[in-house]
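What the coordinates show
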Amino acid sequence: MSNVPAYLWLIPFLPLAAAALTALFGPRVLRQQSHWPCILAAAGSCVLSVFVLLAVRDLAPTGPADHRAEEQYVAAYYTWIHAGFVDIGFTLRADSLTAIMLVMVTFIGTLIAIYSAGYMHGEEGYPRYFAEVALFLFSMTGLVLADNYLLLYAFWEGVGLCSYLLIGFWFTKPSAADAARKAFLVTRLGDVGLFLGILALWVTFGHTLNYDDIFGQLQRSGPPAWLNGICLLLFCGAVGKSAQFPLHVWLPDAMEGPSPVSALIHAATMVTAGVYLVARSTPLFVQAPEAQLVVAVIGGFTALLAALIALTQNDLKRVLAYSTISQLGYMFLALGSGLGSTLASVAVVAAIFHLFTHAFFKALLFLAAGSVMHAMGNVIDMRRFGGLRHVLRTTHWTFLCGALALAGVPFLSGFWSKDEILATTLEASRQAWSPYQAIYLLLLLSGLLTAGLTAFYTFRAYFLTFWGEPRIPEEAGHHAHEAPPVMTVPLMILAVAALAIGAVVEPFTHWFSGFLGRTPFLGEVEEHRPVVLLAMVSGVIALAGIAVAWWMYVRQPGTAAALAQRFQGLYQLSLNRCYLDELYDVFFLRPLAGLREFCRILDAYVVDGLVDLVGQIPRLFGAFFRPMQNGLVQFYAVAMMLGVTVFLVVILFKYGW
């Protein structure tokens, strides 16, 4: 177990081998057993990830807290790029941050793969689905293990490709194909910024992209003048991948993919990559306070905006999608509040702790929503079903566990991690420079308001789905029933984790913060001193949000419709997602479409016209001489005789008779 470099490469390699095996042999040999390579590979990677975590835990703390390069394993397997002064290795690293991310990704990925075996059973393209899921896990684990920014970027693009393939799994369905294309193109916008940021790091820090080299130079030489710009470029990639404003519009449409794909993207892979990138780059951001402020503002604004939109959505999965955007906003709010070396480590712990707990209850909620969709004949509109607690008993209580955790009910997982974020933002409002203190205080108030909205829209979805009189849509027929054990067992495991994992790892034992604080260049985390009053306020707000949802949708069911009618403008604004897609269509898509049409006309009629005109010149000469080449022997004989005659006449005139 201590010889980590010997098996570290196996963590991403096992899913890659499973993807290749399933792609080659799935369609003709494995067929409906194509889930086994993916499940076994994910489980194997999970076991190895636990070994890595235990090995990193056993490393003795050495060196200063802000460096501690010895508290990690680095395995250089081969030189990936070597050309002149470019020397990039395929090097993997295992430290505290890596170990936590690996265990979370592989554990939840394994449960989702098991669930998928029941959910996707009988689907056309069954082997293709599991090959793509395995490739997704390979890309995400490789991204987390990368020891340099270029290798991270390579796996980063692999994650984007896999999300495109899985969102568009039902590619014959136009809405799914459109959603996949939208996700791919919107995230590419952020990736351009990330790539430019990596190039800027390369130029600024002496042609190296290794984390330790860059962070070490930064500590020795101090921040360069353009460090804020570099951090903002890196943050562009996080905005795209983690669906933050203004590049958040792809994530709700990604619901067109299968429900297990939604759980994978929202809980374990795609959207967590952006948070990981900023957390890994904390030594850069901590010396760029203006960039940190931008991160906090974007995160806080996105959290509130997504929560306001989620209030009125009728698609159960879309409610959860906007919830993910909002919770990711919380994580970036924490990362942007890490002012100074000491508070930066606290901020990273708060963000990653929330990412960790969120992964369990969000995976649970999406898989439970998939169970509802599976039983309702693929109907997911909450207006068309209700009272399902009498039909889907296991799905009901597991969804309730996830909803309680997401709402931030006191003493459950979501409460502990959300409280850490709010406490970090409060501390930032005290430590920030004078002009920024008011901004961080506003962000704190925004975070509290978002907490109340989160509890309300989460339990609005819960009550609409599981309470009231039983209503089953026609598509489900008369056979609506609970999912098979292959789907319900993962739900039960995630339900227990959603309730208890937060309390187990942090508030009482402080294991999570102590372990994560040993990440090199992060800095030791001070002992957590909870802000009791703030925790009480956030807990009361969460309970109040649940109570209001119960009143409006259970006690007085007509209240919601009456309020919607009274505040029709605000209701429509939320229901139509603040018309952001329409605004993008007017200000970006249509002008670009016009530019595309102009370029097409220019190419077809001007450029091609000039080329065709030049080509007509030899054709004109050819047209002049073409009648002589008519294929008649008599004509050729006469022409030859005429030519000879002209020749003789010229000779005679020249030399006389």
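Below: a short report on this structure. Predicted, not measured: the structure shown is a model, and the values here were computed from it.

Below, the discussion takes up the overall build of the protein. Each helix and strand counted, the protein has 26 helices and two strands in total. The burial tally for the protein puts 55% of its 657 residues in the buried class. Long-range contacts, defined here as pairs at least 24 residues apart, represent 80% of the contacts in the protein between residues at least 6 apart. Accessible surface computed for the protein: about 27800 Å², of which carbon and sulfur atoms make up 70%. Here the protein contributes 35 positively and 38 negatively charged side chains, and the mean placements of these two sets differ by 8 Å.

All right, on to the packing of aromatic side chains then. Counted according to the given criterion, the structure contains 33 aromatic pairs. Centroid distance Tyr129 to Phe169: 5.6 Å. Interplanar angle 80 degrees. Geometry classified as edge-to-face. Residue Tyr129 is found in helix α5 (residues 126-145), and its partner Phe169 is found in the loop between α6 (149-167) and α7 (174-204); the two are separated by 40 residues along the sequence. The buried category is assigned to Phe169, whose relative accessible area is 1%.

Turning next to the environment of Cys401. Within the secondary structure, Cys401 is located in helix α17 (residues 393-407). Overall, Cys401 belongs to the buried group, its relative accessible area being 9%. Remark: the alpha-carbon pair of Cys401 and Ala495, spanning 94 residues in sequence, is separated by 5.7 Å. In this view, Cys401 contacts Leu364, Ala495 and Leu499; residues no more than four positions away in its chain are not counted.

Following the criterion strictly, the structure yields 21 salt bridges and no others. For Lys173, the salt bridge goes to Glu256, with nearest N and O atoms at 3.2 Å. With a gap of 83 residues between them, Lys173 in the loop between α6 and α7 and Glu256 in the loop between α10 (250-253) and α11 (259-268) connect regions that are remote in the sequence. For Glu256, a relative accessible area of 23% corresponds to the partly exposed category. Among the ionic pairs, Asp381 bridges to Arg383, the shortest N-O distance being 2.8 Å. Of the residues examined, Arg383 reaches a relative accessible area of 56% and is grouped as exposed. Several salt bridges share partner residues, and in doing so they unite Arg93, Asp95, Asp147, Asp212 and Arg280 into one network.

Here we take up the state of the cysteines. Evaluated as defined, the whole model comprises zero disulfides. For Cys46, which is in no disulfide, the shortest distance to another cysteine sulfur is to Cys38 and amounts to 13 Å. For Cys46, a relative accessible area of 13% puts it in the buried group. The cysteine Cys236 is free of any disulfide, with Cys231 supplying the nearest cysteine sulfur at 11 Å.

Here we take up the nonpolar core. In terms of nonpolar packing, the biggest core is built from 220 residues, with Tyr149, Trp250 and Leu284 touching the most fellow members. The element contributing the most residues to this core is helix α16 (residues 340-375), with 22 residues. Setting aside anything within four residues of it in sequence, one finds Leu284 in contact with Tyr149, Leu201, Phe205, Ile214, Phe215, Leu218, Leu227, Cys231 and Leu234.

This part covers unusual backbone geometry. Following Phe245, the chain continues to Pro246 via a peptide bond in cis, the omega torsion being 10 degrees. For Pro246, the position within the fold is in the loop between α9 (227-241) and α10. A positive phi is found at His510, a non-glycine position, where the angle reads about 55 degrees. The residue His510 is located in the loop between α20 (485-505) and α21 (511-516) in this model. Overall, the relative accessible area of 26% leaves His510 in the partly exposed class. Look at Phe521: it is not a glycine, yet its phi comes out positive at around 70 degrees.

Now for the side chain of Asn314. Mapped onto the fold, Asn314 is located in the loop between α14 (289-310) and α15 (316-335). In this structure the side chain of Asn314 is engaged in a polar contact, spanning 3.4 Å, whose partner is the side chain of Arg460. If we skip the residues at most four places from it in the chain, Asn314 touches Ile380, Asp381, Met382, Arg383, Arg460 and Leu575.

Here we come to α11. Most of α11 sits inside the fold, with 10 of its 10 residues counted as buried. Taken together, the buried positions of α11 are Ser259, Pro260, Val261, Ser262, Ala263, Leu264, Ile265, His266, Ala267 and Ala268.

Take the packing of helix α3 (residues 35-57) against α5 next. Across the interface, α3 lies against α5 with an axial gap of 8 Å and an inter-helix angle of 20 degrees. One way to sum up the angle between α3 and α5 is to call them roughly parallel. Crossing handedness for the pair α3 and α5: left-handed. In this structure, α3 contributes His35, Cys38 and Ala42 to the contact, and α5 contributes Tyr126, Phe130, Val133, Ala134 and Leu137.

Structurally, Gln327 is set in helix α15. A polar contact is formed between the side chain of Gln327 and the side chain of His354, at a distance of 2.8 Å. What Gln327 contacts, discounting residues up to four positions off in sequence, is His354, His358, Leu406, Lys418, Thr454 and Tyr457.

Compared with an ideal rise of 1.5 Å per residue, which puts 20 residues at 28 Å, α15 spans 29 Å between its outermost C-alpha atoms and is within 8% of the ideal. Most of α15 is tucked away: 20 of the 20 residues are buried. Capping the start of α15 is the job of one residue whose side-chain oxygen sits 2.9 Å from the backbone nitrogen of Lys317: Asp315.

With that out of the way, let us pick up the environment of Val4. Note that Val4 resides in helix α1 (residues 4-8). For Val4, a relative accessible area of 0% puts it in the buried group. Excluding residues that lie within four positions of it along the chain, Val4 makes contacts with Val52, Ala55, Tyr73 and Ala94.

This next bit is on the environment of Val159. Locating Val159 in the fold gives a position in helix α6. Since its relative accessible area comes to 0%, Val159 is described here as buried. With 106 residues separating them in the primary sequence, Val159 and Ile265 have C-alpha atoms 9.6 Å apart. Aside from chain neighbours lying at most four places away, what touches Val159 is Phe136, Ser139, Met140, Leu143, Lys241 and Met270.

About the criteria used
Residues numbered from 1 in each chain as written. Predicted model: local features only at pLDDT ≥ 70, side-chain atom pairs only at ≥ 80, totals over all residues. Heavy atoms only, no water. Helix = DSSP H or I, 4+ residues; strand = E, 2+ residues; numbered from the N terminus. Buried < 20%, exposed > 50% of the residue type's maximum accessible area, 1.4 Å probe, protein only. Contact = heavy atoms within 4.5 Å. Areas by Shrake-Rupley, 256 points an atom, 1.4 Å probe, with all protein chains shown as cover. Lys, Arg positive; Asp, Glu negative; His and termini not counted. Charge placed at Lys NZ, Arg CZ, Asp CG, Glu CD. Phe/Tyr/Trp six-rings, centres within 6.5 Å; stacked < 30°, edge-to-face > 60°. Salt bridge = Lys/Arg side-chain N within 4 Å of Asp/Glu carboxyl O. Disulfide = S-S within 2.5 Å. Core = buried A, V, L, I, M, F, W, Y, C linked by side-chain atoms within 4.5 Å. Polar contact = N/O pair within 3.5 Å; in protein donor to acceptor, adjacent residues only side chain to side chain. Axes fitted to C-alpha atoms, helices over the stretch in contact; angles between N-to-C directions. Parallel < 35°, antiparallel > 145°, perpendicular 65-115°, else oblique. Left-handed = near helix turned anticlockwise from the far one by under 90°. Expected span 1.5 Å × (residues − 1).

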